[in-house]
Amino acid sequence: MQKKIAVILGDGIGPEVTQQSIKVLDSVARQFKHQFSYEYGLMGAVAIDKTGDPLPDETLALCLRSDAILFGAVGHPKYDNDPLAKVRPEHGLLKIRKELGLFADIRPITTYAPLHHLSPFKNNRIEGVDFIIIRELTGGIYFGKKHLNEDQTQASDDCVYHRNEIERVAHVAFAYALKRRKVLTLVDKANVLETSRLWRKVVQEIAAQYPDVTVDYLFVDHAAMQIIINPKRFDVILTENMFGDIISDEASVITGSLGLLPSASVGNKLALFKPIHGSYPQAAGKNIANPNGSILSAAMMLDYFALSEEAELLREAVMWNLANGFVTKDIDPINNYSTATIGDLISDYVENRIPSRMNKENMVISKSTII
Ligand code: IPM
Ligand code: MN
């Protein structure tokens, strides 16, 4: 199979984690005789520095002629504490989502047995947690009209949803529910917000087309609590843009590290794959960041290409690393391996270079491979 992949390394740790995904995708290509080609585009703070624009037109054009987009991270501290900054790295990501019509963000939340001890939750609460957050990604308050009055004493952000925007993402969520345990939870704030009441009405109507799916409804404040006290109850969560942003970071805590979580932003014609973490500027360039979120995003990209065996192999390789203690500093502050080494080990796994009966003490972890 031939695929053209647009790569946007972005800011902070984006480049170093994405390089591991490319290394691993190259291994998949060699092992399964595919051809993946990569073309690089700018976005984020790095794009502002070079062009003045967080999403140059060239990058958009590159995405439009590609089969998928592999994305690193966006954000730089110099913009975070400057409320008056006219351009922001994050605008690049919001704009690409809008321009490419990536209206649904798929964020799977899975726990890994070898990491249970890292979770702030008791084991029995997190064993077997497996749910997906489907976040609406191109509407709501992030895209509504913004206003700041002249003397800068009053500001507003409109939250607007049209029923079409709700319908299309709801169908994505119901389709996922049908493939899974067939429970869909709509998270909203229908006791207060008009937009949420529209969400509830539209989802209730659509539910009639999916009689096999059980639908329940939770207010977002209560959902935030349920994610902590009973995460196992969830299968598919469907929610609007801002609530999805917030509860997905919250849910990531269950797994033990934000660095593990992948996402796929999908629409009608293209898809973008990125770890859910941010640019983590404190770790940038240090070769310590966890590349698994990016590698698992690459696995989601392989699923999107209908290469499910390849995708499964990547997930198995990540699991193998975690089970054998090959982890980065965020997971084990004492015994840890570099970003690049984790990528090397996953490549080795994919290309069958891992000895079948290996033992950690017999391994020399240096620049590349296992002996
Ligand atoms: C995310 C991020 C983005 C968002 C930022 C970087 C604009 O937090 O992908 O969750 O808010 O959507
Ligand atoms: Mn976020």
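Colleague: Looking at this model, I keep getting lost on the overall build of the protein chain. Mind explaining?
Modeller: When helices and strands are counted, the protein chain shows 13 helices and 12 strands. Across the 371 residues of the protein chain, 53% fall into the buried class. Long-range pairs, those at least 24 residues apart, make up 73% of the contacts in the protein chain with a sequence separation of at least 6. Carbon and sulfur atoms make up 52% of the accessible area of the protein chain, which amounts to about 16500 Å² in all. Of the side chains in the protein chain, 40 bear a positive and 45 a negative charge, and the two mean positions are spaced by 2 Å.

Colleague: Is there a simple way to explain the pairing of strand 9 (residues 214-219) in this structure?
Modeller: Within a regular beta strand, the side chains point alternately toward one face of the sheet and then the other, so they alternate between its two faces. Where strand 8 (residues 183-188) and strand 9 come together, six bridges link them in parallel fashion. The residue bridging valine 187 from the neighbouring strand is leucine 218, located in strand 9. Read as a crossover between parallel neighbours, the route from strand 8 over helix 8 (residues 194-207) to strand 9 is right-handed.

Colleague: What am I meant to see in the packing of helix 1 (residues 14-32) against helix 13 (residues 339-350) here?
Modeller: If you want to describe how two helices pack, look at the angle between their axes and the distance between the axes. The N-to-C vectors of helix 1 and helix 13 enclose an angle of 10°; their axes lie 9 Å apart at closest approach. The orientation of helix 1 with respect to helix 13, classified from their angle, is roughly parallel. Crossing hand, helix 1 versus helix 13: right-handed. Side by side, helix 1 and helix 13 meet where Glu16, Val17, Gln20, Lys23, Val24, Ser27, Val28 and Gln31 of the first sit next to Thr339, Ala340, Gly343, Asp344, Ile346, Ser347 and Val350 of the second. In terms of residue class, the contact of helix 1 with helix 13 is built from six nonpolar, six polar and three charged.

Colleague: In this structure, what is going on with the domain arrangement of the protein chain? I would like to understand it.
Modeller: A common way to state how big an interface is: give the accessible area lost once the parts meet. Along its sequence, the protein chain is carved into domain 1 (1-104 + 258-371) and domain 2 (120-255). Distance between the C-alpha centres of domain 1 and domain 2: 25 Å. Taken residue by residue, the interface counts 11 residues in domain 1 and 15 residues in domain 2. Each partner contributes to the roughly 1200 Å² buried at the junction of domain 1 and domain 2, and carbon and sulfur atoms together form 69% of this total.

Colleague: I keep staring at unusual backbone geometry and nothing clicks. Help me out?
Modeller: Of all residues except glycine, most have a negative phi; of all peptide bonds, most are trans. Of note, the phi angle at glutamine 152 is positive, near 55°, even though the residue is not glycine. As for its position among the elements, glutamine 152 is in the loop between strand 6 (146-148) and strand 7 (155-157). Positioned with a positive phi, tyrosine 280 is a non-glycine residue whose angle comes to about 40°. Secondary-structure assignment places tyrosine 280 in the loop between strand 12 (271-275) and helix 11 (292-304).

Colleague: How do you make sense of helix 1 when you look at a structure like this?
Modeller: Residues spaced three or four apart along an α-helix point in a common direction, a consequence of the helix completing one turn every 3.6 residues. Look at helix 1: 27 Å from first C-alpha to last across 19 residues, which is about the 27 Å you get at 1.5 Å a residue. The complete set of buried residues in helix 1 reads Gly14, Glu16, Val17, Thr18, Gln20, Ser21, Ile22, Val24, Leu25, Ser27, Val28 and Ala29. Where the residues of helix 1 are buried, they touch strand 1 (2-10), strand 2 (35-41), strand 3 (68-73), helix 11, helix 12 (308-323) and helix 13. Backbone geometry just after helix 1 places lysine 33 at a positive phi near 60°.

Colleague: Can you help me understand the layout of surface pockets in this one?
Modeller: By rolling a water-sized probe across the atoms, one finds the places where empty space is left. The space that makes up the largest pocket amounts to roughly 760 Å³. In terms of lining, the largest pocket is formed by 27 residues, of which the most central are Pro108, Ile132, Met300, Asp303 and Arg315. Only strand 4 (104-110), strand 5 (130-136), helix 7 (163-179), strand 11 (262-266), helix 11 and helix 12 provide two or more residues apiece to the lining of the largest pocket. In the lining of the largest pocket, the residues fall into 18 nonpolar, three polar and six charged. Computed from the structure, the second largest pocket encloses a volume of approximately 470 Å³. As for the second largest pocket, its lining consists of 23 residues, of which Val74, Glu90, Leu93, Lys274 and Gly278 are closest to the centre. Secondary-structure elements contributing two or more residues to the lining of the second largest pocket are strand 3, helix 4 (77-80), helix 5 (89-99) and helix 10 (241-255). In terms of residues, the lining of the second largest pocket owes the most to one element, helix 5, which gives four residues. Here the residues of the lining of the second largest pocket are counted per class, giving 10 nonpolar, five polar and eight charged. Residue assignment places the lining of the second largest pocket across two domains, with domain 1 (1-104 + 258-371) and domain 2 (120-255) each supplying three or more.

Colleague: Sorry if this is basic, but what is going on with the pattern of salt bridges here?
Modeller: Side chains bearing opposite charge may pair, as long as their charged atoms lie close to each other. Applying the stated criterion to the full structure yields 22 salt bridges. With a shortest N-O distance of 2.6 Å, glutamate 205 and arginine 163 are connected by a salt bridge. Of this pair, glutamate 205 sits in helix 8 while arginine 163 sits in helix 7, and the two are 42 residues apart along the sequence. Judged by its relative accessible area of 37%, glutamate 205 is partly exposed. Assessed through its relative accessible area of 26%, arginine 163 is described here as partly exposed. Among the salt bridges present, the one from glutamate 205 reaches lysine 201, with a minimum N-O distance of 3.5 Å. Residue glutamate 205 and its partner lysine 201 are located together in helix 8, separated by four residues, close to a single helical turn. Linked through salt bridges whose partners overlap, the residues forming this network are Arg30, Asp348, Glu351 and Arg353.

Conventions adopted
Residues numbered from 1 in each chain as written. Chains lettered and ligands numbered in written order. Predicted model: local features only at pLDDT ≥ 70, side-chain atom pairs only at ≥ 80, totals over all residues. Heavy atoms only, no water. Helix = DSSP H or I, 4+ residues; strand = E, 2+ residues; numbered from the N terminus. Buried < 20%, exposed > 50% of the residue type's maximum accessible area, 1.4 Å probe, protein only. Contact = heavy atoms within 4.5 Å. Areas by Shrake-Rupley, 256 points an atom, 1.4 Å probe, with all protein chains shown as cover. Lys, Arg positive; Asp, Glu negative; His and termini not counted. Charge placed at Lys NZ, Arg CZ, Asp CG, Glu CD. Pairing = 2+ DSSP bridges. Right-handed = clockwise from strand over helix to strand, strands pointing away. Axes fitted to C-alpha atoms, helices over the stretch in contact; angles between N-to-C directions. Parallel < 35°, antiparallel > 145°, perpendicular 65-115°, else oblique. Left-handed = near helix turned anticlockwise from the far one by under 90°. Nonpolar A, V, L, I, M, F, W, Y, C, P; charged D, E, K, R; others polar. Domains from an automatic or database assignment. Buried area = accessible area lost by both parts, 1.4 Å probe. Expected span 1.5 Å × (residues − 1). 1 Å grid on protein atoms, 1.4 Å probe; cavity = no way out; pocket = protein on both sides within 12 Å on 5 of 7 lines; lining within 4 Å. Points joined across faces, edges and corners; volume = space filled by probe spheres on them. Salt bridge = Lys/Arg side-chain N within 4 Å of Asp/Glu carboxyl O.

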